[in-house]
Amino acid sequence: MTGKDITRKAESKRFISGVVEGFYGRPWSADQRKLLFSWMQKSGLNTYMYAPKDDYKHRAYWRELYSVEEAENLTNLISAAKEKDVVFVYAVSPGLDISFSNVKDVQALKRKLEQVATFGCEAFAMLFDDIDPELSEADLSAFQSFGLAQVSVSNEVFEHLHQPKLFLFCPTEYCASRAVPNVATSEYLNTIGSKLLPGIDIMWTGPKVVSKKLTVTALEEIATSLKRPAVIWDNIHANDYDPRRIFLGPYDGRSPEVIPYINGVMTNPNTEFEANFMAIHTLGQWCQSNPNGVKKDLIKGDQMSPVASDIKLETESDYICDEDIPSRIDIRYQPKAALKAAMPDWLAEIHCRREPPRHPFPRVIPTYLPGALMSCPPGVSSYLPPGPPVVLNPSPPPSNLPGVPSCPPGNPTIPPGITPFTSNVPAELPSAAQPCMNPSDLEAPSTPPNNYLPPSPPAGLPMPDIIKTCLTPSYTTQTITSAVGLTPLATICTSAQAPLPIPTFIQPPSLPVSSLLELPQSDSISDTALSSESGAEPMEVATTGPPDSSESSRNVHVLNNSVSHTPTLEKQNSSDSLMQIESDMNDKNEDSIFNDRVDNVFSEEDALLLVDLFYMPFEHGAQGLFFLQRLHWLRINVQSIIRGNGSDTNQFEVTEWHHLADEFSAKVGEAVSLLSKLTSGPNKSFMCDMYSYLWDLISILKICRAYVQWLAKGLATQPLAQQTFSCVTWFSKGYKEAFMSGDQEPWVFRGGLQAELQRLLPIDSAHDLFYIKPPDYIITKTYNIRPYKALDEDAVYQICLKTCDDGMDGTDVFSNNPHIMGDKLIGKFVNLSSDYCFVIEDEVGVCGYVVAAVDAHDLNNKSKMAWVPSVQEKYPLTEKKDNSPIDDVIQSFHSDLNTVSDDIYSKYPSVLRLDILPSRVEDPALPRRLLACVLCALKCSGSKGVHCELNVGDKFMVDFYAKLGFFALTPLEGHPNDIVFLGRPI
C-alpha cells in the first residue's frame, strides 16, 4: 500500500485532535481536566487521552482495579468530557512488567479495561513506550519478537472490547531517532504495521522525541511502514525534561500541509496545567486551518508554488534556513497571528478567579512488583534483591541498558547516552548534567571530581563540537592544591565538616499518585483546615503577621528553605513546589528609588512579554533574545568606559553604552513587574503554576542588572573573564544554529533563557548560586539588588549592628555606641572599597549587603594609613573597668590588624562580608544572588578567590557562609587562634 493509498483510505475518518495527559510528574486534578474539556470545546479539539505516567493505576499498578470512589470520579470525568463533545480515551501502560504469554496478565488487562468501559468510556489506548524491548524467557517461547508480542495482546484486547471506534497504540519505537536501524527497515515498525488490526491507530512523535518540524516526506515514510497514517503524539510543548523551562508560545513547526498525511494530532503539553491555554488554543486554530486536508499553497517536498516563492523572497531574511519557511509562510496558519488571536481569551482566563487544586500525596512504590519483570521507578535497576521490598526514591532512567529508551514521549528525563554517576560516587558530588536529582544530595564543588568524565552525546547522533561542549558541565579553572596547610576542596566536599547541601532548583520526579481521588474543596484558598493527614497537599495563602521582634534572627535561617517566621510546611517529593502566599504589610508602600512595582493589572503587553520569556523549546522569544543580545553587547563593549585603559575615551561610545545599559535595566524592571502582577491577580492557580519559573528567571535577570550597573562604574579590568574549562554561550560559533536547528533534542540545551544568561556572566559555573530550589511559598515582596551608594551607609551600619552578635541583634549590647560594630566590621570596606559593595533593598529600604575588596592586603595597607587612625581618634583607648564588649572592640582598634597569611592570600586574595536581615529578607535565595553579584565584580577585576574572617565562636555565621559555598581554610603559620578563615574560589 502506497502513501497516497493510505492517505485516501484515511480521508473518511474523523481527524483526531486534542490533548494527551501523558507527561511524567504530578497528574492534573479532576477540576483541571473538566476545565480542559471546556477549553478544548471552544478550540474545536475533540479527543482527550488519560495517560498520566505517575498515576500508579495507569502504569506501575496497572493490574489493580479502581475503587468505588475512584470509579465514581472517573465516571464523572468521562461524562464531563461527553458533555463538551470530547472523546475520552483511557490509556493503560502495562509494558513495565507484563508477561505477554501469561494468560492471567492478559485477563487482568481485559478486566481493567472492561471496568473502565462500564464507566462509559468508549475509546482506549495501549501504550508500550519507555520499556525494555527484550522479552522474558517465557515470552520468547511464545513469540518470535517483541513486536509480535505487543501486537498479539493489543489485537486480542481490541477485539475483546468489540473493536471500539477509537483505539490507539503507542509503539516502543515511537520516533524516527529510535527506530532500529531506521524507519524504513525497522523490523519492529514493519511488524506493528502489518500485524496490527487496521482499526487501531498508531501514535508517532516525529523525527525526534521532541520534533521541531513535521514534514510530508517523513510522514509518508512512517505511514508506509505502519500501513496507515500516524496519529501524532506531539511533544513540542512538553517540558518535564527540564525543570527550568516552560513553553507558552504558539503551536509551530507544522504546516497545515501535513494534515492529509496523518490521522490526527494530540499535544502532550506542559506539566503545569495553567500554562497550556496557548498551546491548546493555537493547536485548535492549526487543525481548523485545513479541515478538509486540501493542499493550497505549498507543494510536496522542497518545491514551492509561485505564490510561496514570492513570500519566501520577501521573508527569507527572517528565518534561519529555507526549511523553516514552509511551516511559517502558509497563509492558512501563521503562529504569530494565532498567538494574537488567542490573546483575548487567554487574558480572560488569567483575570478570572480560580484557586489552585489540592493534590493527593504520592503513593510509595516498592522496588518489587509481582510479574515477570520488575516495575520500578525510572533509573532503578531491575535486579530483584532478596528479602522484603525496599522503598527507593525515583531517579533518572538508566541509559546503559541495551535497548531501553531513556526518554518518554511524554517527556524524557535525561538525554540518551548520558550516564548518571555510578553508585560508588559520593552523594555529595553534583552533576550539572543531571536534571533529576534529590536537592538534598547536591553540593557545589569548584573543581571536577577525580572520577569525573564528560557525559557522552546522545546515542547514535553525530555531535558537532559545539554540542559536545554544551554537554560538558562547567567547573572553575581555579583548582585547589593539596599543599600542606590548605585543605583540598575534594576533601572538604566529602568530609564530615563539609558545607551542608545547598537547595537547588533541580527537582526529583514525583512518585505515582491516584489522580482520581477527590479531595474536600475549601471555599477559599486561605482555608487551612486540611491537614497533612487528609492526604492532600495544600496550595493556600498563608497570611503571616510581622515577625516577633523577640525572636532571635540569625542569617543562617534565610538559607534554609523557609523564613524563620514562616510556618513550616510539609512537602511531598514532587516536581512541583508546595507553595503558599506570604502577605506583607508594606506591599503598597512606594519608594522613589524602587521602581519595579507598577500598576498591577496584567495587560496584553505583559502576556506577550511572558510568552517571549518562555517561548518554545527550539526558539527564544524576542524579549528573551533582547536580554541575551544586550547583555552580550554591554559586556564586550565595556572597554569604552573603563577608567584608565590607556586609550582616549570616545564620549559618543560612552553615552551610547550608558543609554543601552539603562534600557537593559528598564526592561529587567518590566520583567520583574510580571511577578508582582501575577501574585496580586485573581487567578491563583495560574500564579502557582508559573511562579517558580518566573521567580527563577527574574532572579537571574536581577543579577544581570546589578552586574551591568557595576560595569557602568568602569572598573572591570577583565570584563570578559571566564572561569570554565570551555565557556559556550549563545554567541559562540555554531551554538545558536545548533539550538535552533532541531537536530538535537531540546534537553541537550538545558536551563532555558536562565542558563543562557548565566553563561554570559563571569561566574557562570557557580551553579550553587544559580540552580536554586524555589521557595515553598509565594513571596509577594519585591526585592532589588544593586551596587552600594554613599547614601546607604547608615542603613548598612544598622544592619551590621542587628547581625553583629553571631547573626543576632547587638543593639542592646552596643546601645551606647551603635556605630562601633559597623566601624569595626564594614567601615573600611564602605569607605575604602565601596565600588565592590552591593545591597539588597525592599520597599522600605536596604535590608542586606555584601562588602568586599579585590585585594585584602591592599585594603589592609590603606586601612593602616587612612581608616585606622580615624577610628582610633573616634574611639580613644581608655583603661578597662568592666571588660565590656565595647571595651574589647575599642581595644581591637588600637591593636595590630589581622592580616591574612600568604598561603591563603595567594589563592583567595579578595575579602568580603555578607549580612542580611532575616525578618525582611523572605526570599531564601537572595543571599546567594547577592553573593553572585559581588563575585562577578571581583572576577572581572582579576580575582581568583575570596575569603572572609570570622570569630572562632561565630558558629551560626560559619554555618551561614558554609551554605554559601565557603569552606574552612587552615593557614600554614601566623594564624590568630581566635579567627576563622573561610574561602571560596571564583
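Because the structure is a prediction, the values reported are computed rather than measured.

A. A look at the overall build of the protein. When you go through the protein residue by residue, the secondary structure sums to 29 helices and 20 strands. Of all 986 residues assigned to the protein, the portion counted as buried reaches 61%. Pairs at least 24 residues apart make up 80% of the contacts formed inside the protein by residues separated by at least 6 positions. With an accessible surface of roughly 37300 Å², the protein has 52% of that area assigned to carbon and sulfur atoms.

B. Looking closely at the packing of helix α4 (residues 103-118) against helix α6 (residues 146-160). With their axes 10 Å apart at the nearest point, α4 and α6 run at an angle of 40 degrees to one another. What the angle tells us is that α4 and α6 run oblique. In terms of crossing hand, the pair formed by α4 and α6 is right-handed. For the pair α4 and α6, the contacting residues are Val-106, Leu-109, Lys-110, Leu-113 and Glu-114 in the first and Val-153, Glu-156, Val-157 and His-160 in the second. Of the residues assigned to the contact of α4 with α6, the class counts are five nonpolar, one polar and three charged.

C. Fine view of helix α18 (residues 651-680). Taking 1.5 Å of rise per residue, the 30 residues of α18 would be expected to cover 44 Å, and the 44 Å separating its terminal C-alpha atoms lies within 8% of that figure. The backbone nitrogen of Phe-652 has a side-chain oxygen 2.9 Å away, supplied by the residue at the start of α18, namely Asn-650.

D. Summary view of the sheet that holds strand β2 (residues 47-50). Taken in spatial order, the eight strands close into a barrel running β1-β2-β3-β4-β5-β6-β7-β8, and their pairing is parallel. Between one strand axis and the next, the sheet turns by 25 degrees as a mean value, whatever way the strands run. As judged from the four bridges shared by β2 and strand β3 (residues 87-92), these two strands associate in the parallel manner. In the sheet register, Tyr-50 faces β3, and the bridge partner there is Tyr-90.

E. Geometry of the pattern of salt bridges. What the rule picks out here adds up to 29 salt bridges. Note that Arg-786 and Glu-841 form a salt bridge whose closest N and O atoms lie 3.1 Å from each other. Of this pair, Arg-786 sits in strand β14 (residues 784-787) while Glu-841 sits in strand β15 (residues 838-841), and the two are 55 residues apart along the sequence. Both residues of the pair, Arg-786 and Glu-841, count as buried. A salt bridge links Asp-858 to Lys-862; the shortest N-O distance between them is 3.4 Å. Of this pair, Asp-858 and Lys-862 are both found in helix α25 (residues 856-874), four residues apart, which corresponds to roughly one turn of the helix. A residue is classified by how much of its surface remains accessible, and Lys-862, at 35% relative accessible area, is partly exposed.

F. Geometry of the nonpolar core. Counting 219 residues, the largest nonpolar core has Met-49, Phe-88, Trp-286, Trp-346 and Tyr-961 as the members making the most contacts within it. In terms of residues, this core owes the most to one element, helix α19 (residues 684-711), which gives 19 residues. Listed in part, the 38 residues of the second largest apolar core include Cys-800, Met-821, Trp-867 and Tyr-908.

G. Highlighting the sheet that holds strand β18 (residues 945-951). Reading across from one edge, β14-β15-β16-β17-β18-β20-β19 is the order of the seven strands in this open sheet, with mixed pairing throughout. Each edge of the open sheet carries a strand with a single partner, namely β14 and β19 (967-969). The sheet shows a mean angle of 30 degrees between the axes of neighbouring strands, taken without regard to direction. Against the sheet, α19 makes contact with β14 and β15, and its axis sits at roughly 15 degrees relative to β14, the strand it touches most.

H. Structural view of the confidence of the model for the protein. When pLDDT is averaged across the protein, the result is 77; 68% of the residues are at 70 or more. Note that residues 7-11 has pLDDT below 50 and, in this model, five contacts with residues that lie over four places away or in other chains. Across residues 297-328, where pLDDT falls below 50, the model places 43 contacts with residues more than four positions away in sequence or in other chains.

What counts and how
- Residues numbered from 1 in each chain as written.
- Predicted model: local features only at pLDDT ≥ 70, side-chain atom pairs only at ≥ 80, totals over all residues.
- Heavy atoms only, no water.
- Helix = DSSP H or I, 4+ residues; strand = E, 2+ residues; numbered from the N terminus.
- Buried < 20%, exposed > 50% of the residue type's maximum accessible area, 1.4 Å probe, protein only.
- Contact = heavy atoms within 4.5 Å.
- Areas by Shrake-Rupley, 256 points an atom, 1.4 Å probe, with all protein chains shown as cover.
- Axes fitted to C-alpha atoms, helices over the stretch in contact; angles between N-to-C directions.
- Parallel < 35°, antiparallel > 145°, perpendicular 65-115°, else oblique.
- Left-handed = near helix turned anticlockwise from the far one by under 90°.
- Nonpolar A, V, L, I, M, F, W, Y, C, P; charged D, E, K, R; others polar.
- Expected span 1.5 Å × (residues − 1).
- Polar contact = N/O pair within 3.5 Å; in protein donor to acceptor, adjacent residues only side chain to side chain.
- Pairing = 2+ DSSP bridges.
- Salt bridge = Lys/Arg side-chain N within 4 Å of Asp/Glu carboxyl O.
- Core = buried A, V, L, I, M, F, W, Y, C linked by side-chain atoms within 4.5 Å.
- pLDDT = per-residue confidence, 0-100.

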